[in-house]
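Fold and contact review
Listed below, chain by chain, are the residues.
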Protein chains: 2
Amino acid sequence: MGNRCENCIVRQLNSLKVLKKEELKAISDHKVTRSIKKGESLFSEGEKLNGIFCVRSGVSKLSKISENGKGQIVKIASKGEMIGQRSIISEEQTNLSAVALDDMEVCFIPKNHLIDNISKNVEFTKALLKHMANDLKFADTVIVNMAQKTVKQRVAETISYLDDNFEKDKDGYIGVILTREDIANVVGTAKEACIRTLTSLKKDKIISTQGKRIKIEDEKALYNIIQGI
Amino acid sequence: MGNRCENCIVRQLNSLKVLKKEELKAISDHKVTRSIKKGESLFSEGEKLNGIFCVRSGVSKLSKISENGKGQIVKIASKGEMIGQRSIISEEQTNLSAVALDDMEVCFIPKNHLIDNISKNVEFTKALLKHMANDLKFADTVIVNMAQKTVKQRVAETISYLDDNFEKDKDGYIGVILTREDIANVVGTAKEACIRTLTSLKKDKIISTQGKRIKIEDEKALYNIIQGI
DNA sequence: AACAAAACCTGACAAAAGTCATCTTTTGTC
DNA sequence: GACAAAAGATGACTTTTGTCAGGTTTTGTT
């Protein structure tokens, strides 16, 4: 396997970037690169993880199943994202499931090599800490949105989020392809309500679609909807 | 001020417990103990904090105002809780407001003394990291609940949460006194819907109330409601 | 290209929750 | 203890969202 962490561009995007060359080498010697096909699962809720996944390419959804059986997507993770850090840090089974939305390439980094670094390298721990602080802030915002915004506002917000955080394709469409049901599961609503909302946004020329692909046509109007104007 | 951190019981409840005696002394020399009256604010959304607050007694609500003007309570913090850590770690203005629900006693610990410890003491950073990982897990659960549970389930969940996490008074009532509106703002619903739900729970002898005080009468039934049974 | 499976869409209706208006009770203060 | 202010409660009505049932289109596979 010629993919050394030291040379991996993905690393620049996450907390691993603060590690020194030797530390990265140690990790690289023990990591395993895996290919995951669209629809396959990286791990499931309740599993005990033995390490984290670093996404090299492709996109994964992280979701949690509620008692009533509906799944809630809590995060869409793509290139550079590290998946599973939280449960490694708190040393407990994972509270989320991860499923590939694309064909993916991920590196699996065994737990003990990370824990070594957490114990020895304050910079790394600090980087993780900052990252987690940001996740937490984001989570607070999501809670407020869930609690107080309408389905339409949340759909608009989700589209805007995807547009901001993932590259667009050649035609200007948002580069992550989600089914309507997946979008509904991000938004926290029923598939039908999600479809209806998208239809209404299309009618108002705020977005356009082609199959599952979505393009924003009127950014300002979308923003106004998010704000509830 | 005779209250030295080294001797403070509250410290046992949070990440400060891993600090060594000398480190605590340094913090203690620079902390300021403050009394905050019921209804007063510790800080407001958007403020830049110069340190964190460690709660010695009393209870505070941490909330976020959404664009439509409604407040969402994200956390109820009581004895031992450290307030403001997140924004100190990510070095940005706070995303929450903190208001006292009780008369409170808090210790203000200036930022630079904490940052010292974060940089020098890996154990402390690790403790913070674990704490934040737990907060994040909890936040994920709240997101799912908000997205997928009914108001009744969420009200029940909130009562159960308060019952589990705060001491009860002599008569067995939950020890945190929230207004109906505050409960609604935790649950993410309107005051009226919250009141109606509590009324219905009373009718079914699942809880009883006396003024603002709430007592759980039928824990099992409450649990079933949370589960949507 | 044909087919099946999956995903998408729409209508009709039911349930949940929000809003407004009004009244009652509690709380705090003089 | 009287009073005003705040909080609680309830009814009537509207809006939002969920559910079910039925179609259509897209996608992937052979």
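Calculation notes
Residues numbered from 1 in each chain as written. Chains lettered and ligands numbered in written order. Predicted model: local features only at pLDDT ≥ 70, side-chain atom pairs only at ≥ 80, totals over all residues. Heavy atoms only, no water. Phe/Tyr/Trp six-rings, centres within 6.5 Å; stacked < 30°, edge-to-face > 60°. Helix = DSSP H or I, 4+ residues; strand = E, 2+ residues; numbered from the N terminus. Buried < 20%, exposed > 50% of the residue type's maximum accessible area, 1.4 Å probe, protein only. Lys NZ or Arg CZ within 6 Å of the ring centre and 35° of its normal. Near = heavy atom within 4 Å. Polar contact = N/O pair within 3.5 Å; in protein donor to acceptor, adjacent residues only side chain to side chain. Nonpolar A, V, L, I, M, F, W, Y, C, P; charged D, E, K, R; others polar. Pairing = 2+ DSSP bridges. Axes fitted to C-alpha atoms, helices over the stretch in contact; angles between N-to-C directions. Parallel < 35°, antiparallel > 145°, perpendicular 65-115°, else oblique. Contact = heavy atoms within 4.5 Å. UniProt positions renumbered as here; feature names shortened; annotations may be inferred. Least-squares fit on C-alpha atoms with pLDDT ≥ 70 in both. Domains from an automatic or database assignment. Buried area = accessible area lost by both parts, 1.4 Å probe. Salt bridge = Lys/Arg side-chain N within 4 Å of Asp/Glu carboxyl O. Core = buried A, V, L, I, M, F, W, Y, C linked by side-chain atoms within 4.5 Å.

Scanning all chains against the criterion turns up eight aromatic pairs over all chains. Ring geometry for Phe43 of chain B and Phe53 of chain B: centres 5.8 Å apart, planes at 25°, overall stacked. With Phe43 of chain B in strand 2 (residues 41-43) and Phe53 of chain B in strand 3 (residues 51-57), this pair connects stretches of sequence that are 10 residues apart. For the pair Phe43 of chain B and Phe53 of chain B, a shared accessibility class is recorded, and that class is buried. Through a chain of ring-to-ring contacts, the aromatic side chains of Phe43, Phe53 and Phe108 of chain A assemble into a single cluster. Between the NZ or CZ atom of Arg213 of chain A and the centre of the ring of Tyr173 of chain A, over which it lies, the distance is 4.1 Å. In this structure, Lys215 of chain A is placed above the aromatic ring of Tyr173 of chain A, and the distance from its NZ or CZ to the ring centre is 4.7 Å.

Attention now goes to the protein's contact with DNA strand C. Not every one of the 17 residues close to DNA strand C is listed here, only the nearest: Arg180 and Arg196 of chain A together with Val151, Thr189 and Arg196 of chain B. Here the atoms of DNA strand C within 4 Å of the protein split so that 59% fall in sugar or phosphate, with bases taking the remainder. Within the side chain of Lys212 of chain A, a nitrogen or oxygen atom sits 3.4 Å from a sugar or linking oxygen of DNA strand C. Ala190 of chain B has a polar backbone atom sitting 3.4 Å from a phosphate oxygen of DNA strand C. Of all the elements in the fold, those that place two or more residues in the surface near DNA strand C are helix 6 (180-187) and helix 7 (191-203) of chain A together with helix 7 (191-203) of chain B. At five residues, helix 7 of chain A tops the list of elements feeding residues into the surface near DNA strand C. Considering only residue class, the surface near DNA strand C consists of four nonpolar, four polar and nine charged.

The subject of this paragraph is the pairing of strand 7 (residues 97-100) of chain B. In this structure, strand 2 of chain B lies alongside strand 7 of chain B, joined through two bridges in antiparallel fashion. What sits directly across from Ser41 of chain B, in strand 7 of chain B, is Val99 of chain B.

A separate point is the packing of helix 6 of chain A against helix 7 of chain A. Residues and elements named next belong to chain A. Interaxial distance between helix 6 and helix 7 falls to 8 Å at its minimum, and their mutual angle equals 100°. In this view, helix 6 runs roughly perpendicular relative to helix 7, as classed from their interaxial angle. Two secondary-structure elements touch here, helix 6 through Arg180, Glu181, Ile183 and Ala184 and helix 7 through Lys191, Cys194, Ile195 and Leu198. Considering only residue class, the contact of helix 6 with helix 7 consists of five nonpolar, no polar and three charged.

Our next topic: the sheet that holds strand 5 (residues 71-77) of chain A. Taken in spatial order, the four strands line up as 2-7-4-5 (chain A) in an open sheet, and their pairing is antiparallel. Edge positions in the open sheet fall to strand 2 (41-43) and strand 5 of chain A, since each of these has one partner strand only. Between one strand and the next, the sheet's axes are offset by a mean angle of 30°, whatever the strand orientation. Most of the contacts of helix 4 (residues 122-148) of chain B go to strand 5 of chain A, to which it runs at about 130°, and overall it touches strand 4 (60-65) and strand 5 of chain A.

Near DNA strand D, the surroundings consist of 17 residues, among which Val151, Thr189 and Arg196 of chain A together with Arg180 and Arg196 of chain B are the closest. Taken together, the sugar and phosphate atoms account for 59% of what DNA strand D places within 4 Å of the protein. Val151 of chain A places a polar main-chain atom, nitrogen or oxygen, 2.8 Å from a phosphate oxygen of DNA strand D. A distance of 3.3 Å separates a phosphate oxygen of DNA strand D from a polar backbone atom of Ala190 of chain A. Looking at the surface near DNA strand D, the elements that each hand over two or more residues are helix 7 of chain A together with helix 6 (180-187) and helix 7 of chain B. Here the surface near DNA strand D gets five residues from one element, more than from any other, and that element is helix 7 of chain B.

Turning our attention to the UniProt feature "domain: HTH crp-type" (unreviewed entry) in chain A. The positions UniProt marks with the feature "domain: HTH crp-type" (unreviewed entry) are residues 149-220 of chain A. Along residues 149-220 of chain A one finds 53% helix and 11% strand; the C-alpha atoms at either end are 18 Å apart.

Before going further, it helps to examine the relation of the copies chain A and chain B. Take chain A, turn it by 180°, move it 0.0 Å along the axis, and it overlays chain B with an RMSD of 0.0 Å. Put plainly, the chains are arranged around a two-fold axis. Both copies present the same face, since 100% of the interface residues in chain A are matched by interface residues at the equivalent positions in chain B.

Attention now moves to the domain arrangement of chain A. Residue and element names in this part refer to chain A. Entries for chain A in the domain assignment read domain 1 (5-131) and domain 2 (147-227). For domain 1 versus domain 2, the distance between C-alpha centres works out to 27 Å. At the interface, nine residues of domain 1 touch nine residues of domain 2. Counting each side, the surface lost to burial between domain 1 and domain 2 is near 800 Å², with a carbon and sulfur contribution of 56%. For domain 1, the biggest contributors to the area lost against domain 2 are Ile73, Ile76 and Leu101; these three give 52% of the whole. The interface formed by domain 1 and domain 2 contains one salt bridge. Notably, a salt bridge pairs Lys61 with Asp182, separated by 2.9 Å at the nearest N-O pair. Scanning the region where domain 1 abuts domain 2 turns up four residue pairs in polar contact (both at pLDDT 80 or more).

What follows covers the nonpolar core. Formed by 84 residues in total, the largest nonpolar core has its most connected members in Leu16, Leu42 and Ile83 of chain A together with Leu16, Leu42 and Ile83 of chain B. With residues up to four places along the chain from it excluded, the contact list for Ile83 of chain B reads Phe43, Ile52, Phe53, Val55, Ser60, Leu62, Ala77 and Ala98 of chain B.

Attention now moves to the interface of chain A and chain B. Counting residues at the interface gives 41 residues for chain A, matched by 41 residues for chain B. Between chain A and chain B, the buried area comes to about 4100 Å², and carbon and sulfur atoms account for 65% of it. Residue Glu92 of chain A pairs with Lys137 of chain B through a salt bridge whose shortest N-O separation is 2.9 Å. At the junction of chain A and chain B, the tally comes to 12 residue pairs in polar contact (both at pLDDT 80 or more). For the side of chain A that touches chain B, the elements supplying multiple residues, two or more each, are strand 5, helix 2 (85-89), helix 3 (111-120) and helix 4 (122-148) of chain A. With 21 residues, helix 4 of chain A is the single largest residue contributor to the side of chain A that touches chain B. Class assignment for the residues of the side of chain A that touches chain B results in 16 nonpolar, 13 polar and 12 charged.

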